[in-house]
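Coordinates in review
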Amino acid sequence: MTTAALIVAAGRGSRAGKADGLPKQYARIGRKPLLSRAITAFTAHPEVDVVAVVIHPDDALHYRAATEGTTGPLLAPVNGGQTRQESVRLGLEALASSPPDKVLIHDAARPFVDGDVIGRVIKALGEHAGAIAALPVTDTLKRAGASGTIAGTVERAGLWGAQTPQGFRFEAILDAHRRAAREGRSDFTDDASIAEWAGLDVALVEGSSRNMKVTHAEDFAMAERLLISDSGLLEPRVGTGFDVHRFGPGDHVWLGGVRIAHSAGLVGHSDADVALHALTDALLGAIGDGDIGAHFPPSDPKWKGAASHVFVEDAAARVAARGGRIANVDVTLLCEAPRIGPHRDAMREAIAGMLAIDVSRVGVKATTTEGLGFTGRGEGIAAMASATVLLPIAAG
Ligand code: MG
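Here's a quick rundown of the structure. (Residues numbered from 1 in each chain as written. Predicted model: local features only at pLDDT ≥ 70, side-chain atom pairs only at ≥ 80, totals over all residues. Heavy atoms only, no water.)

1. Observations concerning the sheet that holds strand S12 (residues 234-248)
With mixed pairing, 5 strands are arranged side by side in an open sheet as S15-S12-S18-S16-S17. Looking at which strands have only one partner, the edges of the open sheet turn out to be strand S15 (265-266) and strand S17 (362-367). Pairing of strand S16 (residues 325-334) with strand S18 (residues 380-392) involves 9 bridges; the strand directions are antiparallel. Of the residues in S18, the one forming a bridge with leucine 334 is alanine 382. In the packing of helix H11 (residues 344-355) onto the sheet, contacts are made with S16 and S17, and the angle to S17 comes to roughly 140 degrees. (Pairing = 2+ DSSP bridges. Helix = DSSP H or I, 4+ residues; strand = E, 2+ residues; numbered from the N terminus. Contact = heavy atoms within 4.5 Å. Axes fitted to C-alpha atoms, helices over the stretch in contact; angles between N-to-C directions.)

Below, the structure written as structure tokens:
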């Protein structure tokens, strides 16, 4: 007995409210695209023999990126059609050249399907032509009438909300889909409806509340929270940074992303923003990812005169790539001049913008060194920074 999984990922819904513009099945939750999570649930299941994914023809590159490094029995992707129903049928036709006994059809938008749910659907297929994951409806159901008022209450006893996977004996569901296509029926919203229409008996098996469908922007936020609770607590990581630049000829300095008129400039390969350099190192230190010199070597002419927000933004992206969040950053400038106080809030705003965090999470402070040392003699400016980053413990 062989069991195939067919994951439907051919839809065009894009991730509402996000600028990445990716179709939602390729948007990331944590560090992995939705689709990768769905695929792994099936390739890792001991009772699933092969997995095939139906994709939109425009998404071949996204698909390749999402499945890079996937281990397990993943077949070549199948191009989908105009509707979900057509996409499923094309996926089934692709499997038909080497037909499995059973097929589990699953929506890529449900990335948190787990092995228990998959196992229950497969088990029920021993006794039924079809079996779907579903949950009893718990909300009281209202039918809307005119202008958003309630026209009636729907008896909820015996009502279930359908999820996926929806499993079927392969030949039976392929035949039902072919018949539906031949008869011009294109109004089915899930595969169980087609099976019912074709007269197959379809069992309801217990789904899971975690097996949510990620559709709207707020679903992504909820999915992220689910992941965080999966990985246990976030753990705080603290990093520190320190940097010095000497004064040279000039009429301004860059500090904390703000241009400040001054009787000297700071000497450096980039714009010599000593505060942002210390901050970059603090962020990199918090995630144990080298230092600014390792990522942006001063020997590389590319960084000559560079605006230092580039370095800060790169470090923030490295934090994000590990599923981390920046809890706060704090920068201290050590100099006799220029005076920092009048520019403090502008620096905080600039840094908050680079890190995409609230300005209340950014501290900027300054001190003199009482005339002592190189800062006291006005030879240069030093900066110290610290950063607190919250990383999922699963990030290692
Ligand atoms: Mg520097």
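2. Some thoughts on the coordination of the magnesium ion
Working reference: metal with six octahedral donors, ideal angles 90 or 180 degrees; metal with four tetrahedral donors, ideal angle 109.5 degrees. Donor atoms from the polypeptide that bind the magnesium ion are Asp243 (OD), His245 (NE2) and His277 (ND1), placed at 2.1 to 2.3 Å. Between the donor residues of the magnesium ion, the gaps in sequence give the motif D-x1-H-x31-H. Note that aspartate 243 is positioned in strand S12 and histidine 277 in helix H8 (residues 274-286), a separation of 34 residues in sequence. Histidine 277 matches aspartate 243 in its accessibility class, with the two residues each being buried. (Donors = N, O, S within 2.8 Å, 3.2 Å for Na, K, Ca; no water. Buried < 20%, exposed > 50% of the residue type's maximum accessible area, 1.4 Å probe, protein only.)

3. Quick look at a negative patch on the surface
There is a patch of like negative charges on the surface, built from Asp49, Asp101, Glu171 and Asp175. As for its placement among the helices and strands, aspartate 101 is situated in the loop between helix H3 (84-95) and strand S6 (102-107). (Patch = residues over 30% accessible without salt bridge, like charges linked within 9 Å, V, L, I, M, F, W, Y side chains within 5 Å. Areas by Shrake-Rupley, 256 points an atom, 1.4 Å probe, with all protein chains shown as cover. Salt bridge = Lys/Arg side-chain N within 4 Å of Asp/Glu carboxyl O. Lys, Arg positive; Asp, Glu negative; His and termini not counted. Charge placed at Lys NZ, Arg CZ, Asp CG, Glu CD.)

Take it as geometry only, folks, not as evidence of what the structure does.
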